[in-house]
Every structure is written in C-alpha cells, then in structure tokens.
Amino acid sequence: MAAVLVGGAAGEAPVWRSASLAPKAGHDSFAHVAAVGAKDIWAASGAGSVLVSGSHAALLERFDGRRWRSMPRPSGAITALSASSAGDVWALSSGRAHRWDGKGWRVMRSFSRSAHVLLAAVPGGAWLSEQGRLSRYDGRRWQSVPVPAGLEVGAVRVQGRDVWVLGRYKSGKAIYDTIQGGSPAALRWNGRALVRVPVSAPAKVGVQLQLDDVVVGKGGDLWLSGRSVLDGDRLPVLQRRGSKWTTLTPPGTSAPGNIEPDGLGGVWFDYGLDQPLWRSRAGKWVKVAAPQPPSGRRWGLFTNFGAAVTVHVPGTTLLVRAGASSVPAPGNSYDPETSVKAHESADRVVMTGPYR
C-alpha cells in the first residue's frame, strides 16, 4: 500500500488525508525530495539499502498539482536531487551531474564515482561541492569558487536567492581537529564572492560543530544546525536574533534532525515522521503531532524507523516529507524470520502540510 499523505492542523488538532499512489513491487521508498512549488514536486528513491530479499525499486516521480507520474531517470542510482524551477531540476548519479531540460536529462558535469559531491540548484544553474572544491554553473559555464583556507564544506544550501556554504574551519592541527580546535563555518554568496558570516557558539559546542543546515527568518534572524565531528550526533541549533547568539531546542527535546523555513519568518524543527514537528517563530513554540501510519505499520524502514527527508515548499507555508512505511521487525532488531517481511512491505510515502 503506497500513499501520499497530506496533513494539516485544524486549531490544535492535525488532520491527515491520504491519496493512493500506484503500488510498486519490492523495496519501495523515497530518499530524496525537491520542491519547486506546491504544484511541482519531485521525489526519488535512493542508492539502495541492504536487502535480505526482494528488489529495490528505482523511482523518480513528479507531482504536477493533480497527480504523481513516473518520470524518466538519469542513468544510475540518484544520490542527490535539487530543484529551483521547472527548468532547473538537477540530480547526481553515477559520477555525473544531470539537468532536466523538460524532456530528458542532460549530463552537465562528470566526476569520480568515489568523490563526495554536494548539490544545490539555483535559478538558472547549480552549485557543486566535489571533495570540498566548489564550483557553480551560471547557465553558460562552470566557474570555480574560491574558499577560505581550512574550510571543510558540510553543505551547500539555498535560501530564497541566497546561496550558503556551511561546514567547519579546521584548526590546522590535525591531531586536534576531531578533539578540540576548529569552529563552525557559514558563508553567504554576494554575487561575486563568499562572505564569512560570524558564528558564535558555546565553546563545548563550537569546537566540534560542523554546520549543514541554515534557515533565514524575518529581520535577519538566523538558525544554523549541524552535527558533531566526534560522533555524528546532532548538536543544538544556533540562533541569531539581532546581534545575540543562543542555542535552541524545543521544550523537553534534543537537537533536531534538520530545520526548514515555515514560510512566515520562522523555522520548523524536524525529528522524523514518527515524532512531532516543532515550530519556532517570534520566540514562541508550536507543536504539531506526528501523523499516524496505516494500521500495523510504522514510518520508515525496519532498520531506520521514522526516517524521512523534509524540505520547505517555496512560496507556501508547507513542508513536503518523503520516506516510507513498513511492517516493523519485533524488538526493532534484525530477525531472520521477520526482516524479509519488513523489507518487502516497505511502501513509499510523501506528505505535505501542515495546512490551516
């Protein structure tokens, strides 16, 4: 059973509605999602998972405002998907960067299949980080983008028309880089060069924080999030209001998996499909309950419950979230008698909301 879920909040009570998707055989899950607007959303399966049996469905689908349709895919497994307009949809796969031209995929750049590559689509082009080397496509050609010495790139994000490069400045002393030293890095493209944005963090957080997410709110409010270079755990979100920096987490919770704009100058804290969403705006918190999965199932895969990818839908107050639901394995652990069933039951899901 595959479904698109549309969720909303009526007063304090979220309401969820579902619409069917054509069922797919085998392992059926979305790992990437990109939104141009409410009537143009793309979702793709990932590079694959460890399967006990069954098959991994290679999927790329597009929502046109009325229904989801299967789309032609670039060759190989998709490892990243990003879109800024109907003519600026980009995907990474098989050591190549592909651009959708409205009819098919065109190869725009090639790189080593073993390279760590990050992707962000912008109006008229795209940005790539290949092993920390930045380049941007301006609609005509690729240009290298100089970066400060010691910068370790963790993400390239687009907020409105602004491009942000996030990561960490290394200390320059290798023996200390994973223990102490180093600092979080945020840079914004001004149209000619990357400009450093000063970041203030508590000492115990800052020395191990590698940034990978940013939200820009009203009046210059800024939220930055990332993970520890020591153990990969998410660290508290940094917030700048005016000139004051603080760490931020919703009441009684830990650091979120990722943050997204709410479309009204605030920020969403996302903890996965099986956990409530939290929104922070103008210093106030709002909690939106998690949607309920179909009976006998749970969100995510049996090895990664609640997992999903979430992005803001530009021009709206909506989020789009993509992932899967599955039959859970008892004890949340590997069980030879039940893991096959859990894998074969994985069904892709996309949800948008919350609506008012």
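Scroll up to find the structure this text is about.
To start, this report covers the structure provided alongside it.

What counts and what doesn't
Residues numbered from 1 in each chain as written. Predicted model: local features only at pLDDT ≥ 70, side-chain atom pairs only at ≥ 80, totals over all residues. Heavy atoms only, no water. Helix = DSSP H or I, 4+ residues; strand = E, 2+ residues; numbered from the N terminus. Buried < 20%, exposed > 50% of the residue type's maximum accessible area, 1.4 Å probe, protein only. Contact = heavy atoms within 4.5 Å. Areas by Shrake-Rupley, 256 points an atom, 1.4 Å probe, with all protein chains shown as cover. Pairing = 2+ DSSP bridges. Salt bridge = Lys/Arg side-chain N within 4 Å of Asp/Glu carboxyl O. Axes fitted to C-alpha atoms, helices over the stretch in contact; angles between N-to-C directions. Phe/Tyr/Trp six-rings, centres within 6.5 Å; stacked < 30°, edge-to-face > 60°. Lys NZ or Arg CZ within 6 Å of the ring centre and 35° of its normal.

### Considering the overall build of the protein
If you tally the helices and strands in the protein, you get 2 helices and 31 strands. Per-residue burial over the protein gives 50% buried out of 356 residues. For the protein, restricting intrachain contacts to residue pairs at least 6 apart in sequence, the fraction spanning at least 24 positions comes to 49%. Accessible area for the protein stands at about 16,600 Å²; split by element, carbon and sulfur atoms hold 50% of it.

### Notes on the pairing of strand β10 (residues 105-110)
With 5 bridges connecting them, strand β9 (residues 96-100) and β10 associate as antiparallel partners. The residue of β10 that forms the bridge with A97 is R109. Where β9 hands over to β10, the hairpin turn is made up of 4 residues, of which G102 adopts a positive phi near 100 degrees.

### Describing the pattern of salt bridges
Pairs may arise between side chains of opposite charge once their charged atoms sit close together. Inspection of every chain in the model, using the stated rule, returns 18 salt bridges. Among the ionic pairs, D213 bridges to R157, the shortest N-O distance being 3.6 Å. Highlighted residues: D213 in strand β19 (residues 209-216) and R157 in strand β15 (residues 151-159), separated in sequence by 56 residues. For D213, a relative accessible area of 7% translates into the label buried. When its relative accessible area of 34% is taken as the criterion, R157 is described as partly exposed. With a closest N to O distance of 3.8 Å, D162 and R188 form a salt bridge.

### Things to note about unusual backbone geometry
The omega torsion across G353 and P354 is 0 degrees, close enough to zero to call that bond cis. We note that S94 has phi near 50 degrees; this positive angle belongs to a residue other than glycine. Along the chain, S94 falls in the loop between β8 (88-93) and β9. The phi torsion at Q131 lies on the positive side, around 55 degrees, for a residue other than glycine.

### A look at the environment of G172
In this fold, G172 is placed in the loop between β16 (162-169) and β17 (183-189). Put simply, G172 and A149 are 23 residues apart on the chain and 9.4 Å apart in space, counted from C-alpha to C-alpha.

### Section: the sheet that holds strand β3 (residues 32-37)
Read across the sheet, 4 strands follow the order β3-β4-β5-β6 without closing on themselves; strand pairing throughout is antiparallel. Where the open sheet ends on each side, the last strands, each with one partner, are β3 and β6 (68-70). Averaged over neighbouring strand pairs, the angle between their axes works out to 20 degrees when direction is ignored. Where strand β5 (residues 60-63) and β6 come together, 3 bridges link them in antiparallel fashion. Residue pairing in the sheet places E61 in a bridge with S70 of β6.

### Description of the sheet that holds β17
One open sheet holds the 4 strands; their spatial order is β15-β16-β17-β18, and the pairing between them is antiparallel. Single-partner strands in this sheet number two, and they are β15 and β18 (194-196). Put simply, the sheet's adjacent strands are angled 30 degrees from each other on average, direction ignored. Relative to β18, β17 runs antiparallel, the two sharing 3 bridges. Residue W189 lies in a different strand from β18, and its bridge partner there is L194.

### A look at the environment of V350
In this fold, V350 is placed in strand β31 (residues 347-355). By relative accessible area, which is 0% here, V350 ends up buried. For V350 and V309, which are 41 residues apart along the polypeptide, the C-alpha to C-alpha distance reads 9.5 Å.

### Considering the packing of aromatic side chains
Given two aromatic rings, one states the distance between the centres and the angle between the planes to describe the pair. All told, the structure shown has 11 aromatic pairs when counted by the stated rule. Between the aromatic rings of W42 and W105, the centroid separation amounts to 6.0 Å while the plane-to-plane angle is 75 degrees, which identifies the pairing as edge-to-face. One end of the pair, W42, is in strand β4 (residues 40-44); the other, W105, is in strand β10, with 63 residues separating them in the sequence. Given the relative accessible area of 0%, W42 is considered buried. One aromatic cluster in this structure is built from F30, F63 and W68. The positively charged end of R109 is found above the aromatic ring belonging to W142, 5.0 Å away from the centroid.

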